[in-house]
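Observations on the model geometry
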Amino acid sequence: ASGTWLLPRKDCRNTARADVAGNMRTAPKEIWSYGSPPVGRLYLRPVTVRGKRLYFAQVRRGVRLMRADGIAVWNRPTLGVSSVAAVFDLGSGGKPVALLAVGTDTLVLMEVASGRILWKWKTPPGAYLGGYGLLDQGTVARLVIFPQNSMLCCCYEISSSQPTPRLLWSEDYAGRYWRSYG
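Read on for an overview of the structure. Everything quoted here is computed from the prediction, not taken from an experiment.

What about the overall build of the protein?
If you tally the helices and strands in the protein, you get 0 helices and 12 strands. The order of helices and strands in the protein, counted from the N terminus, is β-β-β-β-β-β-β-β-β-β-β-β. Scored against the burial criterion, the 182 residues of the protein give a buried share of 32%. Summarising the internal contacts of the protein: among those between residues at least 6 apart in sequence, 28% fall at separations of at least 24. When the accessible surface of the protein is totalled, it reaches about 12200 Å², and 53% of it is carbon and sulfur.

Digging into the pairing of strand 3 (residues 62-66)
Counting buried positions along strand 3 gives 5 out of 5 residues, so the element sits mostly inside the fold. Hairpin connection from strand 2 (residues 52-59) to strand 3: 2 residues lie between these consecutive antiparallel strands, with Arg60 at a positive phi of about 55 degrees. Note: strand 3 against strand 4 (residues 72-76), 4 bridges, orientation antiparallel. Residue pairing across strands places Val63 opposite Arg76, the latter belonging to strand 4. The turn linking strand 3 back onto strand 4 is made up of 5 residues, and Gly70 within it adopts a positive phi angle of 90 degrees.

Details of a nonpolar patch on the surface
Taken together, the side chains of Phe146, Leu168 and Trp169 make up a nonpolar region of the molecular surface, amounting to roughly 270 Å² of accessible area. Classification of Phe146 by relative accessible area gives partly exposed; the value is 43%.

Observations concerning the sheet that holds strand 8 (residues 117-122)
Either a parallel or an antiparallel arrangement is found when strands of a sheet pair, and the pairing is made through backbone hydrogen bonds. Read from one edge of the open sheet, 4 strands run 5-6-7-8, paired in antiparallel fashion. Bordering the open sheet on either side are strand 5 (81-89) and strand 8, each of which pairs with just one other strand. For this sheet, the mean inter-axis angle between neighbouring strands, taken without regard to orientation, is 15 degrees.

Here's the deal with the pattern of salt bridges
As enumerated under the stated definition, the model contains 5 salt bridges in all. With a shortest N-O distance of 3.5 Å, Glu111 and Arg116 are connected by a salt bridge. Residue Glu111 is classed as partly exposed on the basis of its relative accessible area, which comes to 25%. Note that Glu157 is salt-bridged to Arg142, the shortest N-O span being 3.3 Å. Remark: Arg142 occurs in strand 10 (residues 140-148) and Glu157 occurs in strand 11 (residues 152-159); sequence separation between them is 15 residues.

Quick word on the sheet that holds strand 11
Pairing within the open sheet is antiparallel, and its 4 strands lie in the order 9-10-11-12. Single-partner strands in this sheet number two, and they are strand 9 (128-136) and strand 12 (166-172). Recorded for the sheet is a direction-independent mean angle of 15 degrees between the axes of neighbouring strands. Here strand 10 runs beside strand 11; their pairing, made up of 6 bridges, is antiparallel. Paired with Ile145 across the strands is Cys154, a residue of strand 11.

A short note on the environment of Ser161
Within the secondary structure, Ser161 sits in the loop between strand 11 and strand 12. With relative accessibility at 66%, the residue Ser161 sits in the exposed group. Here Ser159 takes part through its side chain, which lies 3.1 Å from a polar atom of the side chain of Ser161.

Describing the environment of Val97
Structurally, Val97 is set in strand 6 (residues 96-102). By relative accessible area, Val97 is classed as buried at 9%. Spatially, the C-alpha atom of Val97 lies 6.7 Å from that of Leu109, the residues being 12 residues apart in sequence. Look past the residues within four positions of Val97 in its chain and what remains in contact with it is Ala86, Val87, Phe88, Leu109, Met110, Glu111, Val112 and Leu118.

What counts and what doesn't
- Residues numbered from 1 in each chain as written.
- Predicted model: local features only at pLDDT ≥ 70, side-chain atom pairs only at ≥ 80, totals over all residues.
- Heavy atoms only, no water.
- Helix = DSSP H or I, 4+ residues; strand = E, 2+ residues; numbered from the N terminus.
- Buried < 20%, exposed > 50% of the residue type's maximum accessible area, 1.4 Å probe, protein only.
- Contact = heavy atoms within 4.5 Å.
- Areas by Shrake-Rupley, 256 points an atom, 1.4 Å probe, with all protein chains shown as cover.
- Pairing = 2+ DSSP bridges.
- Patch = residues over 30% accessible without salt bridge, like charges linked within 9 Å, V, L, I, M, F, W, Y side chains within 5 Å.
- Salt bridge = Lys/Arg side-chain N within 4 Å of Asp/Glu carboxyl O.
- Axes fitted to C-alpha atoms, helices over the stretch in contact; angles between N-to-C directions.
- Polar contact = N/O pair within 3.5 Å; in protein donor to acceptor, adjacent residues only side chain to side chain.

In C-alpha cells form, the structure reads like this:
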C-alpha cells in the first residue's frame, strides 16, 4: 500500500521510538537501549600497564587504550582489526600484549602499553585465517596456526624475554595428499 513502511514503527534498529504524539507529562528518559553503543566498542578488557588500570578496546576496525574515564591514551583507528584473539600478560611484568586478527589473512602481536606492532604474520597466498589458538602458560604462550585453504600449520612461542615470537615448528603438507584423500 502507498505510504506503508516495511519496518516496525519505521524503526530499523527497533529502538522502540516512533514519531507519533504521546500523552506524556514529562520528558522521557532512556533506561536501557539495545544494540551497539554509538562508539561501537566490540571488545573491552581491563589491563594493568605500569601499575595503572586501563582498558584495551576494539572500536570498529581499530583498537585503543583508554583510561577509566574514556579518554584515549593512544588510538589506532585504521588498523583494520577484525577481532581481538587475546590480550595477555606474560608473567607479572605489567607488559600486556594483544593478539589481533587483521582483515582475513593477518595476525598481529601488539604491545598494549604503546600500541606498537611487535610482529605480523600473513597467511600464504590464497589462504585466510581459519584455525588458530593460543595457549597461555604464564611466562610463555604458544600460538598454533592452521590457515584455511592451505596445507600449512605452524607453532610460535611468545615470551616476555624475546621481542618477537619464535617459530617452534612449521609443516607444509602441500602435495602430500591427493584429491578425496581420507
